[in-house]
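# Inside the fold
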Amino acid sequence: MAVIHDTTLKPSKTELLTDWLPTRPWYRGGPGAPVLERSGGFRLDDPDGEVGMEFIVVTDTASPERTAYLVPLTYRGAPSAGAEHALIGTMEHGVLGKRWVYDGCHDPVLFTELLALIEGRAQAMAQSVSDTPDHEVTRSHTGAALSPDGLAPEPADDRDGTRLPAPHGTVLDVHRVLTPVDENPPLPPRGALGHVATGWPGPDGTRLRAVLMTLRNA
C-alpha cells in the first residue's frame, strides 16, 4: 500500500499545473494564468510499489465559472525512458527526494491499474490518508476482460479531453473538464461499457459529482 507522507513539495502540485494546464487543448481558461486550488481526487496503488498514482481534481478559480479539471498524475523516482513528452515537471519531496511528475495518461503503470479499477480488480484509495479505501469512487464495467496484454497507452488530446485506445476495440475517454451532475452517485452515459465517477467539495459547502472517465466502443 502507498504511504502518504505529511511533508513539503517544492514546487507544489498546483504550481506545476499552473504552467502546464494552459498548454493543453482542453484547457478552458483565458490568456491569463489559471488560479488553481486542489479540490479532490483519489489514488491507485502500484502493486510493485514503485510508481505513485493520483487522480487530482483542480479547480481554476480565475473566473466566476470555476472550471474543474481532472489530471491523472504519476510520480517516479527517476526519469521514465521515452516519456519526455509527458513530463509535467520535477519537484522536491521532503521525504522521497526528487520526483519526476508525468501526465498519467501516458504512463503504462497507471493505464494498467486504471483498467483494473474499471473492471473492479483494483480499489480506489483515499487521496491523503494511507491505506484507506475511497468508497465515494464508483465504477462499472460490462463486456470482455480489460487486461491490457502489453497494450501501451497512446493518448490523443483534443478539446473534449483525452482518448485512450483500450482492449477489444474500446476507447477510454478521460473527461479532463468535469461537468457536475445531480445524480448521486453519477450514472454512466447511455451506451457506455464502463465508467469511473466521484465527488469533490464545491463552493459554499456543496458537494459536486461527475463522471471522470467513460469506456465505450470505438
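Quick note: structure is the one above.
Everything numeric in this text was worked out from a predicted model, so none of it was measured.

Scanning the entire structure with this criterion turns up 13 salt bridges. Between arginine 76 and aspartate 107 there is a salt bridge whose closest N-O contact spans 2.9 Å. Of this pair, arginine 76 sits in strand β4 (residues 67-76) while aspartate 107 is found in the loop between β6 (97-103) and α2 (108-119), placing the two residues 31 residues apart along the sequence. Across the pair, exposure class does not vary: arginine 76 and aspartate 107 are buried alike. The residue aspartate 158 makes a salt bridge to arginine 163 at a minimum N-O spacing of 4.0 Å. One network of salt bridges, in which partners are shared, links Lys13, Arg38, Arg43 and Glu54.

A separate point is the sheet that holds strand β9 (residues 161-166). The strand order across the open sheet formed by six strands is β7-β11-β12-β10-β9-β8, and the pairing between neighbours is antiparallel. Whereas interior strands pair on both sides, the edge strands pair on one side only; in this sheet they are β7 (138-141) and β8 (156-158). Direction aside, neighbouring strands of the sheet carry axes that sit 20° apart on average. Direction of pairing for β7 relative to strand β11 (residues 194-201): antiparallel, over a ladder of four bridges. Paired with threonine 138 across the strands is alanine 197, a residue of β11. Together, β7, β9, β10 (170-174), β11 and β12 (207-217) form the strand contacts of α2, whose direction differs from that of β7 by roughly 85°.

Cut-offs used in this document
Residues numbered from 1 in each chain as written. Predicted model: local features only at pLDDT ≥ 70, side-chain atom pairs only at ≥ 80, totals over all residues. Heavy atoms only, no water. Salt bridge = Lys/Arg side-chain N within 4 Å of Asp/Glu carboxyl O. Helix = DSSP H or I, 4+ residues; strand = E, 2+ residues; numbered from the N terminus. Buried < 20%, exposed > 50% of the residue type's maximum accessible area, 1.4 Å probe, protein only. Pairing = 2+ DSSP bridges. Axes fitted to C-alpha atoms, helices over the stretch in contact; angles between N-to-C directions. Contact = heavy atoms within 4.5 Å.

None of the figures reported here should be taken as evidence of function without further support.
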